[in-house]
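The primary structure of each chain is shown beneath.
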Amino acid sequence: MLRPYAKKSRPKPTTPTLVMFNKPMNVLCQFTGEEHDITLAQFINVANVYPAGRLDKDSEGLLLLTDDGGLQARIASPKFKMPKTYYVLVEGEPNAAALTLLRSGVQLKDGVTKPAQVSIVAEPTWLWPRTPPVRIRKNIQDTWLRITISEGRNRQVRRMTAHIGHPTLRLIRTQIGPYKLADLACGEYRKIPV
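Reading the values: the criteria
Residues numbered from 1 in each chain as written. Predicted model: local features only at pLDDT ≥ 70, side-chain atom pairs only at ≥ 80, totals over all residues. Heavy atoms only, no water. Helix = DSSP H or I, 4+ residues; strand = E, 2+ residues; numbered from the N terminus. Buried < 20%, exposed > 50% of the residue type's maximum accessible area, 1.4 Å probe, protein only. Contact = heavy atoms within 4.5 Å. Arc of directions from axis to C-beta. Polar contact = N/O pair within 3.5 Å; in protein donor to acceptor, adjacent residues only side chain to side chain. Pairing = 2+ DSSP bridges.

1. Remarks on the overall build of the protein
Move 1: Scanning the protein from N- to C-terminus turns up three helices and 11 strands.
Move 2: Listed N to C, the secondary structure of the protein is β-β-β-α-β-α-β-β-β-β-α-β-β-β in terms of helices and strands.
Move 3: Counting only C-alpha atoms and orienting by the principal axes, one finds that the protein spans roughly 65 × 35 × 35 Å.
Move 4: For the protein, the residues scored as buried account for 46% of the 194 residues in total.

2. Quick notes on the side chain of Asp 142
Move 1: With respect to the helices and strands, the residue Asp 142 is situated in the loop between β7 (117-121) and β8 (143-149).
Move 2: What Asp 142 contacts, discounting residues up to four positions off in sequence, is Leu 89, Val 90, Glu 91, Gly 92, Ile 136 and Leu 169.

3. A few points about helix α2 (residues 96-104)
Move 1: By the burial criterion, the buried members of α2 are Ala 98, Leu 99 and Leu 102. Seen along its axis, α2 keeps its buried residues to an arc of 95°; they face one direction. Residues of α2 that are exposed and angled more than 90 degrees away from the buried face: Ala 96 and Ala 97.
Move 2: A distance of 3.2 Å separates the backbone nitrogen of Ala 97 from a side-chain oxygen at the start of α2, and that oxygen is part of Asn 95.
Move 3: Backbone geometry just after α2 places Gly 105 at a positive phi near 110°.

4. Concerning the pairing of strand β3 (residues 60-66)
Move 1: For β3, the tally of buried residues reaches seven of seven residues, placing the bulk of the element in the interior.
Move 2: For strand β1 (residues 18-23) and β3, the ladder comprises six bridges, and the chain directions are antiparallel. From the neighbouring strand, Asn 22 faces β3, where its bridge partner is Leu 62.
Move 3: Two elements, β3 and strand β9 (residues 168-176), share two bridges in a ladder whose sense is parallel. Residue pairing across strands places Gly 61 opposite Arg 173, the latter belonging to β9.

Listed below in structure tokens is the structure:
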């Protein structure tokens, strides 16, 4: 009789490692990929850490990695409702009704989102240049939003802003729970105490 497949679990480290990484645009949130992919392996030289959650290839900013499965679950799992904050450049100028809709929850294909914290902000002074640059149209005023959500659906923030008629042009995650991007340069990582 064949034995059922058993998933190998990683042993719990005696001292967990937590890494903060400022992910550039077009980097995959994994250590391997196809021949022309840019992956975490090209930036992070820390053994046995894995992403706690995801950040889309076309998004930038804070990604946490750890070698502790329990910590990874607490950071990534929606059941812990760890808030995530993003600076989002959207096309056009959302009006009060559009912002209220984001704050109360919008209907997406996979259900209504939980209420988000949303505010219009000035362009961040700490912003690094993006490669490739954001396309700017002279006849359309774009707007920076600061959005905090407590769930993590696939491409959620992008789908939310598209739903209100203001597609996302640039998305930078700056905070996950108590962990802040702060002064970490784009493409750099730092080990932090757990």
